[in-house]
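One-letter residues, chain by chain:
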Amino acid sequence: MPRHIDLVEEDWGIDEVPTPGKSPRQQVTTPVLRRSSRKRSMPPSMFTSPPPSAKKSRKDAKVPSPPVAPPTLLTLPHCAISRLLLCLDVDSLERLSATCTYFDMMIAGKFLLTISFPFPVGFIKEVMDDESFEKKPLLKLSCKKTRDEFKTLPDITEDYSEPSSLHKLIIGNSPEMMDYLVFSQMSLLSLYKLRELDLVPESVKQEGRLLGQRIMDSYSNFDCSLLRHISRLGSLKCLTRLDMLVDQNLYLEQFMAELPNLLELGLTILTRPGLSKHVYLHEYIPRLEAVVTASKAPVLRVTVVAETRRQVNKIFKNSHVEKLVLTGPCTFNMFPVMQRLKEVVVNLETSFLDNNCTYWKSRIDDRGLHRAGLCCVNIGAVYENCPNLERFMGVEVGMVSHKQTFNKWNTRMKKRFYDDYLQQGGSKEMKAWAKTRWFSRRPVLPMNVGYDRVFN
């Protein structure tokens, strides 16, 4: 028996029973009758109690306990709920706060969820009407450059106060005036918990045409001023989601080192049409590749609205991206080199006409279906460069091992993408399909990426 049990027995005297002391001479042995171990049947007694009545049986019956309510989000501990809220984006938090009073007080009661910038006239009027206001931590800042017109002084005639819009304010003032506007309005906000920043305008078209370079320069100057102010306050390190409109200048590059906690980076690309070969190769491509390489976000979204069409390979090299979502033309020519990449989603333009695919040298009678694996993103670069890739444009590719020769890997990949072609309605035989819709050689990628293209 263990020692600690023995000590408990000694302390409490579990086995000791006090008996009166007697001398050996006084002890007299008394014969003891031995009981029989045989069972005897007892005759029924006349005093046996009758069986209980039905009323007493119902009384003695156990009352079933009320059903236990299923667990909900509100039954979790407060610390667990707070931890879960960190995994939601601001739009989801805003919807959750509208479900009940508890989450309204927990979310909207402590934070200013979303605000447009520059401030709308309605918000400025609320500030003017209140004697005092509380600077709650802001979670999301949105600058959509809306074209909705408003009157700054609604009680004054149009002769002295003409209607304006945020779009007109941004493109109609000097950069110095915009710096002052940003500085004065940002002083009313608390940005030390800023999580999301959306700087993509509500529309990239004006009067049916894409934005001109003058408007793009005004937008870029304003967004850059906004980022500099947030950087000066040290709040860029808190951002988890960032959406930007960029052109061939890609000013975002200077801020990438200050964004260590990004979870999602969105780039909307709208370059000037007809870029010269020098600008395209020595400015646009190196800057774009440098921004992608510097990003630490697991999710990268690239939307190509317009760019100069050149048959130049773009190398997207990154060691953090796990999901790549690319929307653009068939001729974008992107080659991924991403060790952690697991999924590639490519959104291509689709119309009711048989002129969907615009891939290089594609025949007019063979443009009804896109070339999965070639259009926009080339899957040939995946071999040995993206070993963890599981899905490419909806095709399961994770079962094809990279620990084999390129020819064997290519043969297995070709079979999977040909089956996908047939499922989409294709009718070509595999040999004819591979001749115009697949590659036979391993793509040769440049050794230098980003600014190394220029300086090496």
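Predicted model only: the values in this text are computed from it and were never measured. As a convention, each chain's residues are numbered from 1 in the sequence order in which they are written. Since the coordinates come from a predicted model, pLDDT governs what is reported: local features require at least 70, and pairs of side-chain atoms require 80 or more to be given and counted, while whole-chain, interface and lining totals use all residues. Only hydrogens and water are removed before side-chain values are computed, so all heavy atoms of the structure are retained for them.

With that out of the way, let us pick up the overall build of the protein. What the protein contains, in helices and strands, is 13 helices and 14 strands. Burial status follows relative accessibility: with a 1.4 Å probe on protein chains alone, a residue under 20% of its type maximum counts as buried, one over 50% as exposed, and anything between as partly exposed. The buried share among the 456 residues of the protein stands at 38%. The contacts of the protein with a sequence gap of at least 6 include a subset with a gap of at least 24, amounting to 64%. Carbon and sulfur atoms provide 55% of the accessible area of the protein, an area that totals close to 28700 Å². Strands here mean DSSP runs of E at least two residues long; helices mean DSSP runs of H or I at least four residues long; both are numbered from the N terminus. By definition in these notes, contact holds between two residues if any of their heavy atoms fall within 4.5 Å. Here the open area of atoms and residues is found with the Shrake-Rupley method and a 1.4 Å probe, where only the protein chains shown may cover a residue.

Examined bridge by bridge, strand 1 (residues 112-116) and strand 2 (residues 138-142) share 4 bridges and lie parallel to one another. Paired with Thr-114 across the bridge in strand 2 is Lys-140. The crossover handedness rule: strands pointing away from the viewer, path from first strand over the helix to second strand clockwise, crossover right-handed. In the classification by handedness, the crossover that spans strand 1, the intervening helix 6 (residues 121-129) and the parallel strand 2 is right-handed. A pair of strands counts as paired when DSSP detects no fewer than two bridges linking them.

Time to look at the pairing of strand 8 (residues 299-306). Sheet topology places strand 7 (residues 264-270) next to strand 8; 7 bridges connect them, and they run parallel. Its bridge partner lying in strand 8, Gly-266 is registered against Arg-301. Note on the crossover from strand 7 through helix 10 (residues 277-294) to strand 8: the handedness is right-handed. Looking at chain direction, strand 8 and strand 10 (residues 323-327) are connected through 5 bridges and run parallel. In the strand pairing of strand 10, Val-302 is matched with Leu-326.

Whenever a helix is involved, its axis is fitted only over the stretch in contact; in every case the axis is a line through C-alpha atoms, and angles between N-to-C directions fall within 0 to 180 degrees. With their axes 12 Å apart at the nearest point, helix 3 (residues 78-85) and helix 5 (residues 101-108) run at an angle of 65° to one another. Where helix 3 crosses over helix 5, the two elements pack in a sense that is right-handed. The segment helix 3 lies against helix 5, with His-78, Ile-81, Ser-82 and Leu-85 engaging Tyr-102, Phe-103, Met-106 and Ile-107. Residues belonging to the contact of helix 3 with helix 5 are distributed by class as follows: 6 nonpolar, 2 polar and no charged. When the near helix sits turned anticlockwise from the far one by under a right angle, the crossing is termed left-handed; a clockwise turn instead gives a right-handed crossing. Here the nonpolar group is Ala, Val, Leu, Ile, Met, Phe, Trp, Tyr, Cys and Pro; Asp, Glu, Lys and Arg are the charged ones; every other residue, Gly included, is treated as polar.

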